[in-house]
Amino acid sequence: MSELRKDIIGGRWVIIAAERSRRPDDFRPKTETRKVETGKFCPFCPGNENKTPPEVFAIRKRGTLPDQPGWLVRVVPNKFPALVRGDAPALNRSENNLFFWMEGIGVHEVIIESPDHQREMADLSLAHLEKILETYRQRITEIQVEKQYRYIHLFKNKGPEAGASLAHPHSQLIATPIVPKRIQEELRSSKELKEKFGRCIFCHLIEEELKKGERVVYQNEHFCVVTPFAPRFPFELRLYPLRHSAWFSGIKENEIKSLARTIKFLLGRLKKVLSDPPYNFYIHQGPNPTSTRDCPDGLAEYYHWHFEIIPVLSRVAGFEWGTGFYINPISPEASAGFLRKEKQDL
Amino acid sequence: MKKKKRILVVEDEKNLCLLYREELRKEGYEVVATTDSLRAIELIKKRNFDLIITDIRMPVKDGLELIADIMAIKRDIPVIINTAYQSYRHDFMTWAAEAYLIKSTSLDELKAKIKELIG
């Protein structure tokens, strides 16, 4: 089993999945990158269901059987996961209180977004996107019942430069027994800012951005997409629900329809404006709401779930790694201008 | 007499390749071993195997590309990935294999997995 270890200075947890390597230089990546698309075999394609673990959820055509073709969206556990399901792990510490570690428990699932190997999320129909989003909601809601998983992270890597190992469109969900550092930082800061401004800081910023308009890329009745005021990366985006809520699982059916339109618009624009870039997107939401120690009173009022979307157009190097400062070669106002479309035809 | 199950071992380190061949023969299997992944493709096309054991990091054609080729030729052959690296677990092409094992000086885990898959 892997182990979770804490860096007490940075406050960051890492997953150690130790391997029996032979020499230190074995860890250096090969210079050539394996082609994501071999064109010969894909374990996610229909007909290869026996190459995946049994499905835990699927939206299927009527009359089709589990783990057989006929699915439209299919969710399977990771066949070779770094974290495995288990009971709440004990936190171990060294006698001098310098080193902290625990068993590496967790959930790792893959959401196979479509039976079509070639069709990217940007090119799917609105009805199909709604099915994917409904699947996200279903999986998050089901895993939330298990309170040992204190945070549920849902994300998508598109393209090898963004970390995808297969071209077949898929997203992933990883539930961890700790609340990640970035989420803790957002929670702490949104709590402080709620005290300062007397309202949810996200709601406050959304209202200001919509009023100003220069960083707004898209808006409909339930969602908006903006470039943040201080983005780390070129064309970095935030997608916010206009209705205040700390958890994605609280999304309503009509909001799923609006969210599908929003995602289709923004992925379509990224594809067109940036020539089909690799990207990562992920949901930031409150910790597992069944974990009372992670969700103190008031959290539901001061935290606001959202998507972060990052086209992979630049590399993080020494300055950024060492300082946490980012140099962004394009202003968010200019990025928004490129991505905006006068006629929103969705 | 019961026919022996035939295993193909693909491992670019010559000594390990020989070790696997001898150890698995002792277990009663017929073993064909090669250090060359391109040769492995030729063998798979010509002969029937009950199981394939492959390393990942190999020159010319790596184990994941080899697995994709195997699936295109004979999809039903079970494959065991036997590698020194955990990091390839992130690559979903590994799912074409039945098992992902980390190389060890003891072959007990490998032998147990072979037994589980083909008896």
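Not measured: the values here are computed from a predicted model.

## Focus: the confidence of the model for chain B
Model confidence for chain B is summarised by a mean pLDDT of 93, while 99% of its residues fall at 70 or above. Per the prediction output, this complex has pTM 0.91; the corresponding ipTM is 0.89.

## Description of the sheet that holds strand β9 (residues 170-176) of chain A
Residues and elements named next belong to chain A. Judged by pairing direction, the sheet is antiparallel, and its 10 strands sit side by side in the order β3-β4-β7-β9-β8-β13-β14-β12-β11-β10 without closing on themselves. The open sheet has two edge strands with one neighbour each: β3 (57-60) and β10 (216-219). In this sheet, adjacent strand axes meet at a mean angle of 15° when their direction is disregarded. Along the sheet, helix α1 (residues 126-144) makes contact with β3, β4 (71-77), β7 (107-112), β8 (151-158) and β9, crossing β4 at roughly 30°. The strands touched by helix α4 (residues 253-273) within the sheet are β10, β11 (223-226), β12 (237-241), β13 (279-284) and β14 (306-311), with β11 carrying the most contacts at an inclination of about 25°.

## Structural notes on the sheet that holds strand β4 (residues 79-83) of chain B
Note: strands within a sheet are paired through backbone hydrogen bonds, in either parallel or antiparallel orientation. All names here are of chain B. The strand order across the open sheet formed by five strands is β2-β1-β3-β4-β5, and the pairing between neighbours is parallel. Because the sheet does not close on itself, it has two edges, and the strands there are β2 (30-34) and β5 (99-102). On average, adjacent strands in this sheet sit at an angle of 20° to one another, irrespective of strand direction. Together, β1 (6-10), β2 and β3 (51-54) form the strand contacts of helix α1 (residues 14-26), whose direction differs from that of β2 by roughly 175°.

## Examining the interface of chain A and chain B
With 18 residues of chain A at the interface, the matching set in chain B holds 22 residues. Among the residues forming the side of chain A that touches chain B, the class breakdown is six nonpolar, four polar and eight charged.

## Quick look at helix α2 (residues 181-197) of chain A
Residues and elements named next belong to chain A. In a regular helix each residue adds 1.5 Å, so 17 residues correspond to 24 Å; α2 covers 24 Å between its end C-alpha atoms and thus fits that length. Restricting attention to buried positions, one finds in α2 the residues L187, S190 and K194. The buried residues of α2 occupy an angular sector of 75° when projected down its axis, which confines them to one face. When the buried face of α2 is taken as reference, the exposed residues oriented beyond 90 degrees from it are E185, R188, S189, E192, E195 and K196. Check the buried side of α2 and you find it contacts α3 (201-212) and α5 (299-302). Count one or two residues on from α2 and you reach G198, which has phi positive near 75°.

Cut-offs and rules
Residues numbered from 1 in each chain as written. Chains lettered and ligands numbered in written order. Predicted model: local features only at pLDDT ≥ 70, side-chain atom pairs only at ≥ 80, totals over all residues. pLDDT = per-residue confidence, 0-100. Pairing = 2+ DSSP bridges. Helix = DSSP H or I, 4+ residues; strand = E, 2+ residues; numbered from the N terminus. Axes fitted to C-alpha atoms, helices over the stretch in contact; angles between N-to-C directions. Contact = placed C-beta atoms within 7 Å. Nonpolar A, V, L, I, M, F, W, Y, C, P; charged D, E, K, R; others polar. Expected span 1.5 Å × (residues − 1). Buried ≥ 20, exposed ≤ 12 C-beta atoms within 10 Å, placed from the backbone. Arc of directions from axis to C-beta.

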